[in-house]
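Given next are the chains, with one letter for each unit.
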Amino acid sequence: MIDIGLMVSMVLVVAVPVFYERLRPISRAEPSLRFVDAATGAAVAGLVTGRLAALALDDPPSILRFPDLLIIRSGVEFWPGVLVAVVLVAVGAHRGAVDPWWRLGTLVVPSMLAYGIYDVTCVIRGGCYGPASELGLRPAGASSAMVPVGLLMGLVVIFGARLLRRMIDRGTEWPTICLGALAVVAVVRAIGSIWLPRLGDGFTRPHWTSIAVAVVACIALGTVMSIRHRQDEVER
Amino acid sequence: MAARKRSAVVTAARWLGLVAAAFIALVVLNVTASGPDLPDFRASGDPAELPVTGTLPIVELPQFEAMIVGARGRPIIVNVWGSWCAPCRAEMPLLQDAFETYGDRVVFLGVAGNDSRDGAQRFLRDLDVTYANTIDESGSILRALEVDAFPTTFVFDAEGTLVIKVEGGVSEQRLAGLLDDAVR
């Protein structure tokens, strides 16, 4: 059967960055660069990798069953997927004699928009409700209203994309932009996961991996900014 | 040149506005709508025990209703599955995890449909499923619950009233959300 909620989510995930691109081209230096052209292959490879990683960790025999691979809703490991997508974009840029940081940086804002929209649309997939609260939304059939944690996570990521866009416009260097985006997404996922429902009492694997990525990204971001600051002082 | 750029910006802003409006409409529809139509199903009859773990009895509608009546007092999760169905295979370990976490507060009952008894038993063994399961060989339970898709998960409240029907596989978050709400 067709998962209408997931289908609508995916349409919006592609449509919103494309419309945003018309509003604000992703690269002034390369106006013909299109988000869909630059990111689709890497995104698909990332999705497949994430699904394979989830199957390898949860149910290894399923890797050999193609229908199981297609059930994306059953779990996709986020960070292995992101890693593969980033590496593919960087390698593609390098082969095309383009600075990989620059290419990754130009894709940061529309990618964050796409991810933010995916999280925001969790309300139509029925999977992002957190603690009960009178201020929340009441999903069909539920006995109480609940805080739509995923929706809030998505909004924060979209707000983060807007901040990074401003930093790009002010000439912030591309490694800072890329690591900033990584840190924003990882911190949002790490904090948001505290309130998302889960089976069992402890933190889940996606939660731990997001905490680890957030720590690494924040340290890397701090290091890059510190090096840049020292260089500026030496130049003065 | 500036006028053309402004026009492009206005057009893009209108499109973004349209997308935002469409999404808000979807959210409102999703949150206020009743989801998949709930069947007119109300269990009745004398209460009966759930099947023993590891057995897979062939059950007709009256016996299924008796099990639902017998489980009243706690929310009940009924999962309709088939061993031939890939999303069911993907979902079953989650249901088992849920049973291990919520099994003292929520009743879990699986119903195999459109399936052979041997195939269904092998499926349960392969996946180490330990909650109660039955098989609906005649299709009477599936018809009464108006099952159109595999898997389908039903949530009954503690009074035995059917409150939620979820068609297709459920994610961990969705399942945990349903269970948290059921035990609240």
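Residues numbered from 1 in each chain as written. Chains lettered and ligands numbered in written order. Predicted model: local features only at pLDDT ≥ 70, side-chain atom pairs only at ≥ 80, totals over all residues. Heavy atoms only, no water.

## Looking at the overall build of chain A
Here's step 1: Scanning chain A for helices and strands turns up eight helices and two strands.
Here's step 2: Starting at the N terminus, the α and β elements of chain A follow one another as α-α-α-α-α-β-β-α-α-α.
Here's step 3: Taken over the C-alpha atoms alone, chain A extends approximately 65 × 40 × 35 Å along its principal axes.
Here's step 4: Classification of the 236 residues of chain A by burial places 44% in the buried group.
Here's step 5: Within chain A, residue pairs in contact and separated by at least 24 positions form 64% of the contacts whose partners lie at least 6 positions apart.
Here's step 6: Of the roughly 12200 Å² of accessible surface on chain A, 69% is carried by carbon and sulfur atoms.
Here's step 7: Between the centroid of the 21 positive side chains of chain A and the centroid of its 17 negative side chains there is a distance of 5 Å. (Helix = DSSP H or I, 4+ residues; strand = E, 2+ residues; numbered from the N terminus. Buried < 20%, exposed > 50% of the residue type's maximum accessible area, 1.4 Å probe, protein only. Contact = heavy atoms within 4.5 Å. Areas by Shrake-Rupley, 256 points an atom, 1.4 Å probe, with all protein chains shown as cover. Lys, Arg positive; Asp, Glu negative; His and termini not counted. Charge placed at Lys NZ, Arg CZ, Asp CG, Glu CD.)

## Re unusual backbone geometry
Here's step 1: Residue Pro151(B) is bonded to the preceding Phe150(B) through a cis peptide linkage, with omega at -10°.
Here's step 2: Locating Pro151(B) in the fold gives a position in the loop between α5 (140-144) and β4 (152-156).
Here's step 3: The residue Ala97(A) is not glycine, and still its phi comes out positive at about 60°.
Here's step 4: Along the chain, Ala97(A) turns up in the loop between α4 (78-95) and α5 (100-120).
Here's step 5: One non-glycine residue with positive phi stands out, namely Glu146(B), at about 50°.
Here's step 6: Along the chain, Glu146(B) turns up in the loop between α5 and β4.
Here's step 7: Of the residues examined, Glu146(B) reaches a relative accessible area of 40% and is grouped as partly exposed.

## Some points on the pattern of salt bridges
Here's step 1: One pass over the full model with this rule turns up nine salt bridges over all chains.
Here's step 2: The salt bridge partner of Arg228(A) is Asp232(A), with a shortest N-O separation of 3.3 Å. Placement of the pair is Arg228(A) and Asp232(A) together in helix α8 (residues 205-235), with a separation of four residues, close to one helical turn.
Here's step 3: For Arg228(A), a relative accessible area of 29% gives the class partly exposed.
Here's step 4: Accessibility expressed as a relative area gives 24% for Asp232(A), which makes it partly exposed.
Here's step 5: For Arg105(B), the salt bridge goes to Asp104(B), with nearest N and O atoms at 3.5 Å.
Here's step 6: The exposure class of Asp104(B) is exposed, given its relative accessible area of 60%.
Here's step 7: A single salt-bridge network, built from bridges that share partners, covers Arg24(A), Arg165(A) and Asp169(A). (Salt bridge = Lys/Arg side-chain N within 4 Å of Asp/Glu carboxyl O.)

## Examining the confidence of the model for chain B
Here's step 1: Of all residues in chain B, 80% have pLDDT values of 70 or greater, and the mean over the chain is 85.
Here's step 2: The ipTM, which scores confidence in the relative placement of chains, is 0.73 for this predicted complex, and the corresponding pTM is 0.81. (pLDDT = per-residue confidence, 0-100.)

## Side note on the packing of helix α2 (residues 35-58) of chain A against α4(A)
Residues and elements named next belong to chain A.
Here's step 1: For the pair α2 and α4, the least separation of the axes is 7 Å and the interaxial angle reads 145°. Considering how the two elements wind past one another, α2 and α4 form a crossing that is right-handed. Taken together, the residues of α4 that come into contact with α2 (itself represented by Ala 38, Ala 42, Ala 45, Gly 46, Thr 49, Gly 50 and Ala 53) are Pro 80, Gly 81, Val 84, Ala 85, Leu 88 and Val 89.
Here's step 2: Residue composition of the contact of α2 with α4, by class: nine nonpolar, four polar and no charged. (Axes fitted to C-alpha atoms, helices over the stretch in contact; angles between N-to-C directions. Left-handed = near helix turned anticlockwise from the far one by under 90°. Nonpolar A, V, L, I, M, F, W, Y, C, P; charged D, E, K, R; others polar.)

## Quick notes on the state of the cysteines
Here's step 1: The tally for this structure, following the rule as stated, stands at two disulfides over all chains.
Here's step 2: At a sulfur-sulfur separation of 2.1 Å, the disulfide partner of Cys122(A) is Cys128(A). Between Cys122(A) and Cys128(A) the disulfide shows an S-S torsion of about 75°. By sign, it is right-handed.
Here's step 3: The buried category is assigned to Cys128(A), whose relative accessible area is 2%.
Here's step 4: Disulfide pairing places Cys85(B) opposite Cys88(B) at an S-S distance of 2.2 Å. Residues Cys85(B) and Cys88(B) are joined through a disulfide that is right-handed, its torsion about the S-S bond being 85°.
Here's step 5: Free of any disulfide, Cys178(A) has its nearest neighbouring cysteine sulfur in Cys218(A), separated by 15 Å.
Here's step 6: Taking the relative accessible area as the measure of exposure, Cys178(A) reaches 12% and is therefore buried. (Disulfide = S-S within 2.5 Å.)

## A few points about the environment of Leu162(B)
Residue and element names in this part refer to chain B.
Here's step 1: Along the chain, Leu 162 falls in strand β5 (residues 162-167).
Here's step 2: Judged by relative accessible area, which is 8%, Leu 162 ranks as buried.
Here's step 3: With 120 residues separating them along the chain, Leu 162 and Arg 42 place their C-alpha atoms 7.5 Å apart.
Here's step 4: In this structure Leu 162 touches Leu 38, Pro 39, Phe 154, Val 155 and Phe 156, once residues within four positions along its chain are discounted.

## Some thoughts on the packing of helix α3 (residues 86-102) of chain B against helix α6 (residues 172-183) of chain B
Residues and elements named next belong to chain B.
Here's step 1: For the pair α3 and α6, interaxial distance at closest approach is 11 Å and the crossing angle is 30°. Taken as axis vectors, α3 and α6 run roughly parallel relative to one another. When you trace α3 past α6, the crossing you get is right-handed. On α6, the residues touching Leu 94, Leu 95, Ala 98 and Tyr 102 of α3 are Glu 172, Leu 175, Ala 176, Leu 179, Asp 180 and Val 183.
Here's step 2: Per-class residue counts for the contact of α3 with α6 are eight nonpolar, no polar and two charged. (Parallel < 35°, antiparallel > 145°, perpendicular 65-115°, else oblique.)

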